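Structural features, examined
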Amino acid sequence: MIEIHHTAVAGAPVAGAFDYVDDYRHVPSWMFGITKFDPIGEQDRGLGAVYDAAMKIGPKTLGSVVKVTGWERNSLIELESIDGLYTHSRWQFEAVGETETRLMVDFRYDLPGGLAGKALGRIIEPFVAQAIRHTDATLRRQVEEVARRSA
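Notes on the structure in this doc start here. This is a predicted model, so every value here is computed, not measured. (Residues numbered from 1 in each chain as written. Predicted model: local features only at pLDDT ≥ 70, side-chain atom pairs only at ≥ 80, totals over all residues. Heavy atoms only, no water.)

Glancing now at the overall build of the protein. Scanning the protein from N- to C-terminus turns up three helices and seven strands. Scanning the protein from its N terminus toward the C terminus, one meets helices and strands in the order β-α-α-β-β-β-β-β-β-α. Look at the contacts in the protein between residues 6 or more apart in sequence, and 45% of them connect residues 24 or more apart. Accessible surface for the protein amounts to roughly 8100 Å². Of this, 53% is attributable to carbon and sulfur atoms. (Helix = DSSP H or I, 4+ residues; strand = E, 2+ residues; numbered from the N terminus. Contact = heavy atoms within 4.5 Å. Areas by Shrake-Rupley, 256 points an atom, 1.4 Å probe, with all protein chains shown as cover.)

What follows is the structure, encoded as structure tokens:
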């Protein structure tokens, strides 16, 4: 199991930051490697929503179906895989004054066992640090841009 923990502060009110991250249409534009994040069924956000996701890591594209298992407006979005590559992410939002939001993410994923898992691990490892930096910078920039336009 690989675990990533990251915290950053975005120059946007908590409601705006939450709404941006909660909108599935934005995910491929800010989350490193995500090439598809499409709702399955009628529900497209909130507790119980399910998404078909694909992540390109190096030469491999890995699929996963994720379900929202925790959701509290302006506070929490939690997703867990129900099919494909196992991932679990927990996004927490905390107001830091009226115009800033602390974004905290815990992300875990499991690779398959055996030789295939070891080979995949060697492919993924170099991308993890790059993925964190890219996702952090891109998400903060996009959230702050939306907040500026809304002000």
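Next comes the rest of the description.
Take the sheet that holds strand β4 (residues 60–72) next. Strand order in the open sheet formed by seven strands is β1-β7-β6-β5-β4-β3-β2, with antiparallel pairing between adjacent strands. Lying at the two open borders of the sheet, with one neighbouring strand each, are β1 (2–10) and β2 (34–39). Looking at each pair of strands side by side, their axes are set apart by 20 degrees on average, direction ignored. Relative to strand β7 (residues 101–110), strand β6 (residues 86–95) runs antiparallel, the two sharing ten bridges. Looking at the pairing, Phe93 lines up with Leu103 of β7. (Pairing = 2+ DSSP bridges. Axes fitted to C-alpha atoms, helices over the stretch in contact; angles between N-to-C directions.)

This brings us to the pattern of salt bridges. This model, assessed by the stated rule, comprises nine salt bridges. Measuring nitrogen to oxygen at the nearest pair gives 2.3 Å for the salt bridge that ties Arg102 to Glu94. Taking the shortest distance from any N to any O, the salt bridge between Asp136 and Arg140 comes out at 2.9 Å. Pair noted here: Asp136 and Arg140 are both in helix α3 (residues 114–150), with a separation of four residues, about one helical turn. Since its relative accessible area comes to 27%, Arg140 is described here as partly exposed. A network of salt bridges, in which partner residues are shared, links Asp22, Asp23, Arg25 and Arg45. (Salt bridge = Lys/Arg side-chain N within 4 Å of Asp/Glu carboxyl O. Buried < 20%, exposed > 50% of the residue type's maximum accessible area, 1.4 Å probe, protein only.)

One pass over the structure, following the stated rule, counts five aromatic pairs. Here the aromatic rings of Trp30 and Trp91 are separated by 5.3 Å at their centres, their planes lie at 85 degrees, and the arrangement is edge-to-face. Here Trp91 lies in strand β6 and Trp30 lies in helix α2 (residues 27–30), a separation of 61 residues in the sequence. Grouping aromatic residues by their ring pairs yields a cluster made of Phe18, Trp71 and Phe93. (Phe/Tyr/Trp six-rings, centres within 6.5 Å; stacked < 30°, edge-to-face > 60°.)

Take the nonpolar core next. Counting 31 residues, the largest nonpolar core has Trp30, Phe37, Tyr51, Leu79, Trp91, Phe93 and Leu139 as the members making the most contacts within it. If one sorts the elements of this core by residue count, helix α1 (residues 14–22) sits on top with five residues. Beyond its immediate chain neighbours, meaning those up to four positions away, Tyr51 contacts Tyr24, Phe37, Asp38, Pro39, Ile40, Asp44, Arg45, Ser64, Val65, Val66, Val68 and Leu79. (Core = buried A, V, L, I, M, F, W, Y, C linked by side-chain atoms within 4.5 Å.)

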